[in-house]
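Residue-level listing of the chains:
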Amino acid sequence: MSRIAYVNGQYRDLRDASVNIEDRGYQFADGVYEVCEVRGGKLVDFPRHMARLERSLRELRIEMPMTLRALDVVMHEVVRRNRIGYGLVYLQVTRGVARRDHPFPLRPVKPAVVVTARSLNFSKNQATAAHGIGVITVPENRWPRVDIKSISLLPNVLAKQQARDSGAYEAWYVDGNGEVTEGSSSNAWIITTDGRVVTHPIGHDILAGITRDVLKETLAALQIRLEERPFTPEEAYGAAEAFVTSASQIVMPVVRIDGRTVGNGKPGPISMRLREEFHRFADFS
Ligand code: PDD
């Protein structure tokens, strides 16, 4: 089956879909994106993703490309046309097309919109979670506004590749205070030996993950204690459990950090429980 993308007003076969080479997304990474999980053909936590999109656009002074209602229709239509049961839908909005020049275009241009979707392998993801993943720590080298979900992801790409080259799955950034901020494409969490769940507080130095947000509600409902505070790699090495969260992985247990075993080296019971319970607290549309 051919894949269908939405590109600036049209649904196109992915093979024929293209954007202008003077799109500022292509030339300056001048744009933002969102990734939503798709389950049972439905978008997970779509309203929260749209609220974050609006915020990212506002911070970069890019116009909303269309109404929220229209975006809702387009994103659901891309999922439907690609017959995604379980997978991801990707939305990218860039400032638009203009002759290459650093400042914003003098005459306003229409923001460019691309939506794609793809299936994920559910059994494979479950198998990965059953084994748990390894992470490495790397120095924080991103700009100080990573709360904006910008498509400018070169440091994230390099950190992720460094992780893969060393046999790990994800890289955790460690900032100038020696504290873990987040992963290259996920939020970072540990669970202390007395059962407290710890993650970095929201600020300009991490992305406010939608999965993180919903997991906070999951923790509250399950009466598990949450501490939003930074933690160091050393604290993480000695933690009972660790995990990462993102739209594509939901709760993914971490069993190795910088080559050191976390807990007994198996996915922890609280992490696995949170993975199982998460979607009870998520919104489906
Ligand atoms: N990544 N931190 C970073 C740097 C991320 O890129 C992501 C998401 C998250 C988690 O956010 P959420 O729970 O809203 O997915 C945290 C997406 C999935 C990606 O880049 O593919």
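On a predicted model such as this, the values are computed, not experimentally measured, just so you know.

L53, M75, V89, L91 and V115 are the most contacted members of the largest nonpolar core, which totals 25 residues. Among the elements that make up this core, the one with the highest residue count is helix 3 (residues 68-81) (five residues). Once you skip the residues sitting within four places of it in the chain, L91 turns out to touch V32, Y33, E34, M50, L53, L71, M75, V113, V114 and V115. Core analysis: the next-biggest nonpolar cluster, separate from the first, contains 19 residues, A239, V244, M252 and I257 among them.

Next up on the list: the site of the ligand. As a structural note, the neighbourhood of the ligand is formed by 19 residues, with Y33, E182, I210, T211 and A247 the closest of them. Within the side chain of Y33, one N or O atom sits 2.8 Å away from an oxygen atom of the ligand. The fraction of the free accessible surface of the ligand (470 Å²) that becomes covered by protein chains is 89%. Looking at side-chain class alone, the shell around the ligand contains five nonpolar, 10 polar and four charged residues. Each of two domains, domain 1 (4-120) and domain 2 (125-280), supplies a minimum of three residues to the shell around the ligand.

Here we take up helix 4 (residues 122-131). Measuring from the backbone nitrogen of S123 back to the side-chain oxygen at the start of helix 4 gives 3.2 Å, which picks out N121 as the cap. Directly beyond the C-terminal end of helix 4, a positive phi value near 85 degrees is found at G132.

Assigned domains of the protein: these are domain 1 (4-120) and domain 2 (125-280). Computed over C-alpha atoms, the centres of domain 1 and domain 2 are 26 Å apart. The interface is formed by 26 residues belonging to domain 1 together with 22 residues belonging to domain 2. Around 1900 Å² of area is buried between domain 1 and domain 2 when both sides are counted, 58% of it from carbon and sulfur atoms. Sorting the residues of domain 1 by area buried against domain 2 places Y33, R48 and R52 first, and these three jointly supply 35% of that buried surface. Put simply, domain 1 and domain 2 have four salt bridges between them. With a shortest N-O distance of 3.0 Å, R145 and E59 are connected by a salt bridge.

What counts, and where the lines are drawn
Residues numbered from 1 in each chain as written. Predicted model: local features only at pLDDT ≥ 70, side-chain atom pairs only at ≥ 80, totals over all residues. Heavy atoms only, no water. Core = buried A, V, L, I, M, F, W, Y, C linked by side-chain atoms within 4.5 Å. Buried < 20%, exposed > 50% of the residue type's maximum accessible area, 1.4 Å probe, protein only. Helix = DSSP H or I, 4+ residues; strand = E, 2+ residues; numbered from the N terminus. Contact = heavy atoms within 4.5 Å. Near = heavy atom within 4 Å. Polar contact = N/O pair within 3.5 Å; in protein donor to acceptor, adjacent residues only side chain to side chain. Areas by Shrake-Rupley, 256 points an atom, 1.4 Å probe, with all protein chains shown as cover. Nonpolar A, V, L, I, M, F, W, Y, C, P; charged D, E, K, R; others polar. Domains from an automatic or database assignment. Buried area = accessible area lost by both parts, 1.4 Å probe. Salt bridge = Lys/Arg side-chain N within 4 Å of Asp/Glu carboxyl O.

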